[in-house]
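So the chains spell out like this:
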Amino acid sequence: LVHSLVHCNKQSTMAKTKEEREQSRLEAKARAEKRKAAKDAAKQQKELHGDNDAATAADAKMNINDLRKNLPISKEHNSSLAMVTLPIDALSRVMRYLPAREWGAVSLTCTGLNLTLGGCRVSHISSRLMRREDEEGKQSTCGSMCLVGGLQLCVDRKEAQDILDRSFVGGGETNRLVSKKMKLSRKKNPNGDADADEYPAYARFVEEATLGYSAMQCSRDALFPTHVQGRFASCSPEHTLLRIGGGGNTASGPGGSGVASWGVGKRGQLGFGKREDEPEPRLLLSKIGWGVRIVQVAAGGGLVRVAHSLLLTSTGRVLSFGTAQYGALGHGYDAGKQLSDCLRPRYIDALKNEKCICVAAGELHSGVVTMDGDVYTFGEGFCGQLGLGDRRPQLLPKQVTLGGLEDECVNNMSMGCRHTLVTTDDGDVYSWGLGRFGVLGRSYTDFTYNNDVGMAVPEGEEGHVAGVAARPPPMQAAAMDNIINAANDDGTNDIMAALDALNLTLDDPSDQCYPKVIDSLQGVRCVGVSAGHRHSMVLDEFGGLYTFGSGASGALGHGDLQGQEYPIKVQEFDNMRVRIHQFSAGVDMSLAVDTQGTVYAWGKASEGRLGLGMGRLQTALPREVDVGDAKFKAVDVECGYVHSLIVGLDGSVYQCGGVGVDGKDDGQQDLDIEENQRGLPRLLSGFNIWHRIAEPKEKVVKEQWKKYGKYELKGRSKMLQEGVRSIG
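A quick note: this is a predicted structure, and the numbers were derived from the prediction, not measured. (Residues numbered from 1 in each chain as written. Predicted model: local features only at pLDDT ≥ 70, side-chain atom pairs only at ≥ 80, totals over all residues. Heavy atoms only, no water.)

(A) How the structure looks around the overall build of the protein chain. Each helix and strand in the protein chain was counted, giving 13 helices and 30 strands. Out of the 728 residues belonging to the protein chain, those deemed buried represent 52%. Contacts in the protein chain between residues at least 24 apart in sequence constitute 59% of all its contacts with a sequence separation of at least 6. Taken as a whole, the protein chain presents about 34,900 Å² of accessible surface, with 50% of it coming from carbon and sulfur. (Helix = DSSP H or I, 4+ residues; strand = E, 2+ residues; numbered from the N terminus. Buried < 20%, exposed > 50% of the residue type's maximum accessible area, 1.4 Å probe, protein only. Contact = heavy atoms within 4.5 Å. Areas by Shrake-Rupley, 256 points an atom, 1.4 Å probe, with all protein chains shown as cover.)

(B) Here's a closer look at the packing of aromatic side chains. A full pass over the atoms with the stated rule returns eight aromatic pairs. Ring plane angle 50 degrees and centroid distance 5.1 Å describe the contact between Phe205 and Phe232, whose orientation is recorded as tilted. You can see Phe205 sitting in helix α9 (residues 199–210) and its partner Phe232 sitting in the loop between α9 and β1 (233–235), a full 27 residues away along the chain. You'll find Phe205 and Phe232 in the same group, each marked buried. The interplanar angle of 75 degrees and the centroid separation of 5.1 Å between the aromatic rings of Phe632 and Tyr654 together place this pair among those described as edge-to-face. Here Tyr654 lies in strand β27 (residues 653–657) and Phe632 lies in the loop between β24 (618–624) and β25 (634–639), a separation of 22 residues in the sequence. This pair shows no difference in class: Phe632 is buried, exactly as Tyr654 is. An aromatic cluster is built from Phe168, Tyr202, Phe205, Phe232 and Trp690, whose rings are joined through pairwise contacts. The ring centre of Phe447 lies 4.2 Å from the NZ or CZ of Arg391, which sits over that ring. Geometry around Phe437 places Arg534 over its ring, the cationic atom sitting 5.4 Å from the centre. (Phe/Tyr/Trp six-rings, centres within 6.5 Å; stacked < 30°, edge-to-face > 60°. Lys NZ or Arg CZ within 6 Å of the ring centre and 35° of its normal.)

(C) Quick peek at helix α7 (residues 157–167). Turning to α7, its buried residues number three or more, namely Ala160, Ile163, Leu164, Arg166 and Ser167. Down the axis, α7 shows its buried residues gathered within 165 degrees of arc, on one side only. For α7, the elements touching its buried residues are α6 (121–129) and α9. (Arc of directions from axis to C-beta.)

(D) A look at the side chain of Gln385. Looking at the secondary structure, you find Gln385 in the loop between β11 (375–379) and β12 (394–399). Of the polar contacts made by the side chain of Gln385, one reaches the backbone nitrogen of Cys383; its length is 2.9 Å. (Polar contact = N/O pair within 3.5 Å; in protein donor to acceptor, adjacent residues only side chain to side chain.)

(E) Structural detail: the nonpolar core. Ile125, Leu129, Tyr202, Phe205, Leu242 and Leu649 are the most contacted members of the largest nonpolar core, which totals 45 residues. Contributing elements (two or more residues each) for this core: α4 (88–95), α5 (100–109), α6, α7, α9, β1, β3 (259–263) and β26 (643–648). No other element matches α9, which puts seven residues into this core. (Core = buried A, V, L, I, M, F, W, Y, C linked by side-chain atoms within 4.5 Å.)

(F) Highlighting the state of the cysteines. In the structure shown here, the tally under the stated rule is zero disulfides. Unpaired in terms of disulfides, Cys639 finds its nearest cysteine sulfur in Cys235, a separation of 7.6 Å. Look at Cys639 and you get buried, because its relative accessible area is 5%. (Disulfide = S-S within 2.5 Å.)

(G) Focus on the environment of Val593. Looking at the secondary structure, you find Val593 in strand β22 (residues 589–594). For Val593, a relative accessible area of 0% corresponds to the buried category. Separated by 53 residues in sequence, Val593 and Ile646 have C-alpha atoms that sit 9.2 Å apart. Ignoring any residue separated from it by four or fewer positions in sequence, one finds Val593 in contact with Ile580, His581, Gln582, Thr598, Val599, Ala634, Val635, Asp636 and Val637.

(H) Local environment of α9. The end-to-end C-alpha separation of α9 is 16 Å, in line with the 16 Å expected for 12 residues at 1.5 Å each. Counting buried residues along α9, 12 of its 12 residues qualify, which places the element largely inside the surrounding structure. Looking at α9, one finds that the buried residues are Tyr199, Pro200, Ala201, Tyr202, Ala203, Arg204, Phe205, Val206, Glu207, Glu208, Ala209 and Thr210. Residue Gly212 follows α9 closely and has a positive phi angle near 75 degrees. (Expected span 1.5 Å × (residues − 1).)

(I) Spatial organisation of the packing of α5 against α9. Closest axis-to-axis distance for the α5/α9 pair is 8 Å, and the angle between their directions is 170 degrees. On the basis of their axis angle, the class for α5 and α9 is roughly antiparallel. On α9, the residues touching Ala100, Arg101, Trp103, Gly104 and Ser107 of α5 are Tyr199, Pro200, Ala203, Arg204 and Glu207. (Axes fitted to C-alpha atoms, helices over the stretch in contact; angles between N-to-C directions. Parallel < 35°, antiparallel > 145°, perpendicular 65-115°, else oblique.)

(J) Layout of the pairing of β11. Counting buried residues in β11 gives five out of five residues, a clear majority hidden from the surface. Residues Val375, Thr377 and Gly379 line one face of β11 and the alternating positions Tyr376 and Phe378 line the opposite face, and both faces are buried. Looking at chain direction, strand β10 (residues 365–370) and β11 are connected through five bridges and run antiparallel. Across the sheet, the residue bridging to His365 is Gly379, located in β11. Between the end of β10 and the start of β11, which pair antiparallel, lie four residues, with Gly373 showing a positive phi angle near 90 degrees. (Pairing = 2+ DSSP bridges.)

(K) The pattern of salt bridges, seen in detail. For the structure shown, the criterion picks out 21 salt bridges. As a salt-bridge pair, Arg176 and Glu198 come within 3.8 Å of each other at their nearest N and O atoms. Taken together, the positions of Arg176 in the loop between α7 and α8 (180–188) and Glu198 in the loop between α8 and α9 put the pair 22 residues apart, joining distant regions of the chain. Summarising the burial analysis for this pair, Arg176 and Glu198 share the class buried. Among the ionic pairs, Arg275 bridges to Asp341, the shortest N-O distance being 3.3 Å. Of this pair, Arg275 sits in the loop between β3 and β4 (278–283) while Asp341 sits in the loop between β7 (318–322) and β8 (342–347), and the two are 66 residues apart along the sequence. (Salt bridge = Lys/Arg side-chain N within 4 Å of Asp/Glu carboxyl O.)

(L) The confidence of the model for the protein chain, seen in detail. Mean pLDDT over the protein chain stands at 78; residues scoring 70 or higher make up 71%. Predicted confidence for residues 51–76 stays below pLDDT 50, and this span has 27 contacts to residues more than four positions away or in other chains. (pLDDT = per-residue confidence, 0-100.)

(M) Just the sheet that holds strand β19 (residues 545–549), in detail. The four strands lie next to each other as β17-β18-β19-β20, forming an open sheet whose pairing is antiparallel. In this open sheet, the two strands that pair with only one neighbour each are β17 (526–531) and β20 (564–569). For this sheet, the mean angle separating the axes of adjacent strands, direction not counted, is 15 degrees. As paired strands, β19 and β20 are joined by three bridges and run antiparallel to one another. Following the sheet pairing, Thr547 is matched in β20 by Ile568.

Okay, structure coming up:
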């Protein structure tokens, strides 16, 4: 607390001129003399009236701003704390500068202040949700100073109090944990601040959602980027990952540190240890969320029926699971030089010496950003999406150093179907990978061997087959025989010679294979990126949104179906004077949340995947999404292929569309939903991201000893007991 106050005072002092500092010292001196004069006057008054008015003077001193009248000081050292003597209005101003983690530390170490701090919650939460401006229109240094343009999720303290109240009931009955002290406080004072103990957990969720602040245990300086993808949820065409639950004990931190997954699970991407589909969110076990805190999720996969998942822990470690065929898990070969799928989360050992702050997953490749701003990629690289200067696969994480990226400090990463985008601390955007459709936002040179390599085309567009990647050119029979014979003889040189004869070398000089800055965004400081299936999105520091790539189904939001090879600003948001806070690019569809918590959607809207109803097939301009709750405010969105997610400020989650599991069709046709509600956002009942819940235990089924005729299979202990009895 003292360190925070000193830091704030230091910043304010540096911002003042010499004359202003001298004036401040004179004013402080005058206030001190005034307080001393008032104290002397009170002392003289007491001497004149004697001891009869001593009680009256003491009562006058005890006012509503004096914390000591409400504090059950039971320990001698508490009485000497400076915070105890602060008036509550002054304490509120001090506490708003503390992150949620430090707030929780104060409430734990100063037990006498715990319930009293409940009165400061509204001031603390409003400083994270409300943009404060002075008479000249300048934004205050407290509040949402780290955001693009600042948030305006509430307009006054009354609305902030309503947001606090809604946070405890968001998502319905979640069976959240309630401490004994909270239960006792509710009995004594039903209308009081009985939920003060739970506030640090909610404040931490809000700080991650608004300020991008998430204290990592690997370092005090290791923080999330403000607009990272997968902060709370991540969607692939087949499955979904959602941060939820966790925090069942003080060792694992607050709620929201666990992970739930659902969808198609035939490739092990759900992490439950078996290849089965899950129709509803189900919590991962293995101590994830209780012994291991998760701070980011990334769901990878595409239309080629492969899928994998990445999890980032608060200690900077990365776990992966799912399909290992293309090396996207980063584990390399196992015994017997096999690439075996991982059905449960497994740490990437090759990254154990790196502290990661961001993870990303594409269709066949993955990547991480370290605390030092370095980028590591791994997986399939046939389209140059790894940025390593060639088109080879990479089974273990390898640092990207080409294109000048080694000298840059990267803070954010997003991966699409066959391309990758990153942002730097300086606000530059680098792109690499397959440049088809214009997803790189820049000019590029063709591959040496170019067979129109690309991606699976959704739903059979003209001239293509649905779900089938572009076919390579036909090979001559003699040339193919040479490659097969060389492979059988384990002749590496012969294989490369045969490939070179067909112009199939994986060493490619194309600038699609290494990072290159997007020149058209020079002069624009960018803070976030999102790579979709075949289009991309970039956010600048003022909340302006730029899109480029394929314009199929109106996914770019420019009012037409035309593709764009270079970033173009979405003018519809400028016309509405809307500033974007979070955004997501999916498969021919896009979602965004503005600084007031309103959700906008555009692109392919069939089967209710955007929450715009069943009657709309596509929209080329951003449309507002209504979840059916007038007070609902969103903080995050994520897009997949046939579904999307909306995360609310109260921690509740809404799903639009749905992934077909167990052989069912995609969409909401097979769900028990009223006809007039189909195609609209559906609340995931019983789930709230930040609520702390009890750790689920995996059921262990005890095997019964089976009898085969006259004989019985017995345990070793039972056999020993029978042996002892027979000897006796």
